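Residue-level structure breakdown
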Amino acid sequence: MNFDLTEGQKLFAESVRRFARDNLAAGALARAHDLRFPYDVAQLMAKQGLMGIALPQSDSGQGGTLMDAVIAIEQVAAVCPRSADVVQFGNFGPIRTFAEYGTAKQKKRWLGELLAGRMVMSLGMTEPDAGSAVTDLKTSARQDGPDYVINGSKVFSTFSPDAQIFLIYVRFGPGLGGIGSVLIERGTPGFTIGSPSEFMSGEEWCELHFNECRIPAENVLLGPGGFKKQMAGFNVERLGNTARALACGRYAFNAARDYAATREQFNRPLCEFQGLQWKFADMAVKLESAQLLLYRAATNADHGLPSAYETAIAKTACNQAGFEVSSEAVQIMGAMGFSRETLVEYCMRRTRGWMIAGGSIEMLKNRIAEHVFDRRFDQRKRETPTAAE
Ligand SMILES: Cc1cc2nc3c(=O)[nH]c(=O)nc-3n(C[C@H](O)[C@H](O)[C@H](O)COP(=O)(O)OP(=O)(O)OC[C@H]3O[C@@H](n4cnc5c(N)ncnc54)[C@H](O)[C@@H]3O)c2cc1C
């Protein structure tokens, strides 16, 4: 067992860090507070080979590994946390499920534009009455001749104000086996996008409404029975969320360390107070241990899609470490940490959201407990037996 990156991975990390320093360091603070998708960054990253890192070259990807994509997130976020969203979008988000299961015709139409950073895709999974209980989703796809007609609503979709193409989870029929997904373009008649609402992180999302929205059958991504495949693809998205949470925690940690080394109170640098030294020690333990779990999940995933258990345990650890460390970094930097003069408060707000998005910490712990006891715990309310039973 070797816990070091390989020489190739180290060289790749250095080249991404150089790219980030040269192109993304300037404007990092302003970018974090700009609500719109940074197409300029996406197009730069496309030229640098940072989109579709783990996709095969036959899909216009780079033929690399998921671990390479994790390294890219880490290196970009260390310089510009907001730009790591673009690495997420181009490597881990719905684009990955799309590339995995899309038909040649679908990919020809959209994948090239997405990987070039000229188009954004948004995932519509959550509904007003189907959050953690995602399999309760009601948005329906009814076959009508050569078409499907979509009815229903989605909420909270990342990038929904900017996206041109939406990967929408739908119900073709009853039960788990009735769930699949379709691709719907902005502007399709019957598809309306509400005005943006804002998360605490500053990100915006729009309600998506489908009212007798007609799409051709060739826009079906995964038909009935596709839910398991969708979740397998979604585990990749979870790893991206995991990597960003940890990377934001590390950004905040580094900022707080540099601040504590130079800021003086009582005629001494802050780092000489033991009360703060122990905070840094605790933060280092959280970051280092979570990173090992992330690397395990990503490295093992290179032999296929990541395991649900390894992803759940890595996401739980990295989400918690990312938020706790960035929150502690705010404390260590005092009013400066709480101020928008630095990106530390931004890291705290972003990491808070990832404890809910992509599988909440509680739902992930349910999954981990199933592994511990090697049995499934149904979360659904059981019908109370009647007296006759
Ligand atoms: C930043 C952000 C980005 C997002 N991006 C997207 C996106 O791109 N596309 C999309 O479709 N959705 C997106 N979401 C929505 C996200 O998937 C849901 O918020 C998530 O699934 C939880 O659903 P909910 O918010 O309805 O909470 P609920 O399901 O109502 O849960 C509320 C609370 O109860 C807990 N809980 C629920 N059930 C259980 C249980 N069985 N055991 C223990 N605890 C439980 C939850 O963990 C949570 O703490 C995003 C959310 C956020 C915050």
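Numbering of residues starts from 1 in each chain and follows the order in which that chain's sequence is written. Local features in this predicted model are restricted to residues whose pLDDT is 70 or higher, and side-chain atom pairs enter the listing and the counts only when it is 80 or higher, whereas totals over whole chains, interfaces and linings include all residues. Here the side-chain values reflect all heavy atoms present in the structure, with hydrogen atoms and water set aside.

The helix count covers DSSP runs of H or I at least four residues long, the strand count covers runs of E at least two residues long, and both are numbered beginning at the N terminus. Per the secondary structure count, the protein includes 13 helices and 12 strands. In this setup the radius of gyration rests on C-alpha atoms only. A globule is expected at 2.2 Å times the number of residues raised to 0.38. For a compact globule of 389 residues, the expected C-alpha radius of gyration is about 21 Å, and the protein comes in at 22 Å, within 12% of that figure. A principal-axis box enclosing the C-alpha atoms of the protein has dimensions of 75 × 60 × 45 Å. Throughout, exposure labels follow a simple rule: accessible area from a 1.4 Å probe, protein chains only, divided by the maximum for the residue type, with under 20% read as buried, over 50% as exposed, and the rest as partly exposed. Out of the 389 residues in the protein, the part that is buried amounts to 52%. Here, two residues are considered to be in contact whenever any of their heavy atoms come within 4.5 Å of each other. Put simply, 72% of the contacts in the protein that link residues at least 6 apart link residues at least 24 apart. For the area figures, the Shrake-Rupley method with a 1.4 Å probe applies, and any residue is considered shielded solely by the protein chains shown. Approximately 18,200 Å² of the protein is accessible, and the part contributed by carbon and sulfur atoms is 52%. In this charge count, Lys and Arg are treated as positive and Asp and Glu as negative; neither His nor the chain ends contribute. To locate a charge, the coordinates of NZ of Lys, CZ of Arg, CG of Asp or CD of Glu are taken. Taken as two groups, the 43 positive and 43 negative side-chain charges of the protein have centres that lie 1 Å from each other.

A cutoff of 4 Å decides nearness: a residue is near a molecule or strand if any of its heavy atoms lies inside that distance of it. Not every one of the 19 residues close to the ligand is listed here, only the nearest: Leu 123, Thr 126, Ser 132, Ser 360 and Glu 362. Taking Met 125, its main chain carries an N or O atom lying 2.8 Å from an oxygen atom of the ligand. Here a polar contact is recorded for every N or O atom pair within 3.5 Å, except that within protein the pair must consist of a potential hydrogen donor and a potential acceptor, and residues adjacent in sequence are included only if both atoms are side-chain atoms. One nitrogen or oxygen atom from the side chain of Glu 362 is found 2.7 Å from an oxygen atom belonging to the ligand. Relative to its unbound accessible area of 970 Å², the ligand is 69% covered by the protein chains. Broken down by secondary-structure element, the contributors of at least two residues to the shell around the ligand are strand 1 (121–124) and helix 13 (361–373). Among the elements that take part in the shell around the ligand, helix 13 stands out by supplying three residues, more than any other. Here the residues of the shell around the ligand sort into seven nonpolar, 10 polar and two charged. Each residue is assigned to one of three groups, with Ala, Val, Leu, Ile, Met, Phe, Trp, Tyr, Cys and Pro labelled nonpolar, Asp, Glu, Lys and Arg labelled charged, and all others, Gly among them, labelled polar.

We call a set of buried residues a nonpolar core when its members are Ala, Val, Leu, Ile, Met, Phe, Trp, Tyr or Cys and they connect through side-chain atoms within 4.5 Å of each other. Grouped together as the largest cluster of nonpolar side chains are 100 residues, with contacts concentrated most on Met 45, Phe 98, Leu 114 and Tyr 169. For this core, the leading source of residues is helix 8 (residues 227–262), giving 15 residues. Among the nonpolar cores identified, the runner-up in size contains 16 residues, and Ala 141, Tyr 148, Phe 191 and Cys 213 belong to it.

Take Leu 208: it is sitting in strand 9 (residues 208–216). Along the sequence, Leu 208 and Ser 157 sit 51 residues apart, while their C-alpha atoms lie 8.4 Å from each other. With residues near it in sequence (within four places) discarded, Leu 208 still touches Gly 152, Ser 153, Lys 154, Ser 157, Ser 160, Phe 166, Ile 168, Phe 191, Thr 192 and Ile 193.

For Phe 156, which is not glycine, the phi dihedral falls at a positive 70°. Assignment of secondary structure puts Phe 156 in the loop between strand 3 (147–154) and strand 4 (165–171). Relative accessible area serves as the criterion here: at 42%, Phe 156 is assigned to the partly exposed category.

In this section: the side chain of Glu 127. Residue placement: Glu 127 occurs in the loop between strand 1 and strand 2 (140–144). Each residue touching Glu 127, except ones within four places of it in the same chain, is listed here: Leu 137, Lys 138, Thr 139, Ser 153, Lys 154 and Val 155.

Of the pairings in the sheet, the one linking strand 2 to strand 3 comprises five bridges and is antiparallel in character. Each bridged residue has a counterpart across the sheet, and for Asp 144 the counterpart in strand 3 is Asp 147. Here, any two strands with at least 2 DSSP bridges between them count as paired. Between strand 2 and strand 3, which pair antiparallel in sequence order, lie two residues; one of them, Gly 145, sits at a positive phi of approximately 60°.

Another aspect to go through is the pattern of salt bridges. Every case where a carboxyl oxygen of Asp or Glu lies within 4 Å of a side-chain nitrogen of Lys or Arg is listed as a salt bridge. Within this structure, the stated rule accounts for 26 salt bridges. The partner of Arg 350 in a salt bridge is Asp 85, with the nearest N and O atoms 3.0 Å apart. Residue Arg 350 is located in helix 12 (residues 344–353), and its partner Asp 85 is located in helix 5 (residues 84–91); the two are separated by 265 residues in the primary sequence. Among the ionic pairs, Glu 185 bridges to Arg 109, the shortest N-O distance being 2.8 Å. Of this pair, Glu 185 sits in strand 5 (residues 179–185) while Arg 109 is found in helix 7 (residues 104–115), placing the two residues 76 residues apart along the sequence. Under the relative-accessibility criterion, Arg 109 is labelled partly exposed at 42%. One network of salt bridges, in which partners are shared, links Arg 82, Asp 85, Glu 203, Arg 244 and Arg 350.

Together, Met 1, Phe 3 and Leu 292 make up an exposed nonpolar region whose accessible area comes to about 440 Å². In this fold, Met 1 is placed in the segment before helix 1 (7–23). The residues that make up patches have over 30% relative accessible area and no salt bridge, and they are joined within 9 Å when like-charged or within 5 Å when they are Val, Leu, Ile, Met, Phe, Trp or Tyr.

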